[in-house]
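Chain residues, written in single-letter form:
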Amino acid sequence: MRSVPPATPLRRAPVQRRSAERLTRILDACADLLDEVGYDALSTRAVAARAGVPIGSVYRFFGNKRAMADALAQRNLERYAERVTERLKAAANGDWRAAVDAVLDEYLLMKRTAPGFSLVDFGNQIPLGARHTEPNHRVADRLVSLLSGRLGREPDDDLRRVFLIAVETADTLVQLAFRVDPQGDKKIIAETRELLRAYLSRVLD
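Residues numbered from 1 in each chain as written. Predicted model: local features only at pLDDT ≥ 70, side-chain atom pairs only at ≥ 80, totals over all residues. Heavy atoms only, no water.

A.B. asks: Is there a simple way to think about the packing of aromatic side chains in this case?
C.D. replies: Remark: the centre distance and the inter-plane angle together describe each pair of aromatic rings, the angle taken between the planes. In total, this model carries 6 aromatic pairs according to the counting rule given. Seen in terms of ring centroids, Y80 and Y107 are 6.5 Å apart; in terms of plane orientation they differ by 85 degrees. Their pairing is edge-to-face. Here Y80 is found in helix α4 (residues 65-88), whereas its partner Y107 is found in helix α5 (residues 96-113), with 27 residues between them in sequence. Like Y107, Y80 is buried. (Phe/Tyr/Trp six-rings, centres within 6.5 Å; stacked < 30°, edge-to-face > 60°. Helix = DSSP H or I, 4+ residues; strand = E, 2+ residues; numbered from the N terminus. Buried < 20%, exposed > 50% of the residue type's maximum accessible area, 1.4 Å probe, protein only.)

Okay, structure coming up:
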């Protein structure tokens, strides 16, 4: 099972600090507006106005709002990986159950608190298009990179497949939990955690 290459939604990568800060403002504005008006009503002009930048600055980085949403999804994945890494510092090497808890809990926290995350997450929720970026493959690849060493496992095709199945399963069940309750149905989340542990124990114990 081959790794999926990282998404590259930017027309031009920022080089100078000022340009990077402008890109951050654009993505922050995109996230806020997604929560306020939804994806269908989102526009590059509204994002530019909210970010306080000329419309040309938005088009310098993005050709359309889909590319903006893709970039926000990629930033979400980077921030998620950072948060999981920080959380794992408190867990003992080899304790895969604590690692799974960190992975799930940080996702739930971002789902509840990160602007725009409920509509975009890592790209799965972005409407329109052919899903060519395969978001859950990217999430699984990143988790294999983060966790394989701690678990004492080789990051081989078998482990990638196991993590992909776990990610796809958790994604479906967490979406269900948040459809039932805007804050995530606690019982469904508890069942999701148990299901993941039961599945992964076959491989990681």
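There is more to say, and it comes next.
A.B. asks: Could you clarify how one ought to interpret the packing of α5 against helix α8 (residues 157-180) in this entry?
C.D. replies: Packed helix pairs are characterised by how far apart their axes lie and by the angle those axes make with each other. In the contact formed by α5 and α8, the axes pass within 12 Å of each other and the chain directions differ by 40 degrees. Classified by the interaxial angle, the pair formed by α5 and α8 is oblique. Considering the relative orientation of α5 and α8, their crossing is right-handed. When α5 is examined against α8, the residues L104, Y107, L108, K111 and R112 are found in contact with a partner set consisting of D171, V174, Q175 and F178. (Axes fitted to C-alpha atoms, helices over the stretch in contact; angles between N-to-C directions. Parallel < 35°, antiparallel > 145°, perpendicular 65-115°, else oblique. Left-handed = near helix turned anticlockwise from the far one by under 90°. Contact = heavy atoms within 4.5 Å.)

A.B. asks: Would you mind showing me how to read the pattern of salt bridges here?
C.D. replies: Should the charged atoms of two oppositely charged side chains come close, the side chains can pair. A complete count under the given rule lists 15 salt bridges for this structure. For the salt bridge of R87 with D105, the shortest nitrogen-to-oxygen distance reads 3.0 Å. One end of the pair, R87, is in helix α4; the other, D105, is in helix α5, with 18 residues separating them in the sequence. Assessed through its relative accessible area of 34%, R87 is described here as partly exposed. Residue D105 is classed as partly exposed on the basis of its relative accessible area, which comes to 24%. (Salt bridge = Lys/Arg side-chain N within 4 Å of Asp/Glu carboxyl O.)

A.B. asks: I tried to follow empty space enclosed by the protein on my own but got confused; where do I start?
C.D. replies: Empty pockets left among the atoms are what a rolling probe the size of a water molecule brings to light. Scanning all chains against the criterion turns up 3 cavities of 30 Å³ or more. Counted as a void, the largest cavity has a volume near 330 Å³. Every element with two or more residues in the lining of the largest cavity is listed here: α5, α7 (135-151), α8 and α9 (186-204). Of the residues that constitute the lining of the largest cavity, the class distribution is 20 nonpolar, 2 polar and 1 charged. (1 Å grid on protein atoms, 1.4 Å probe; cavity = no way out; pocket = protein on both sides within 12 Å on 5 of 7 lines; lining within 4 Å. Points joined across faces, edges and corners; volume = space filled by probe spheres on them. Nonpolar A, V, L, I, M, F, W, Y, C, P; charged D, E, K, R; others polar.)

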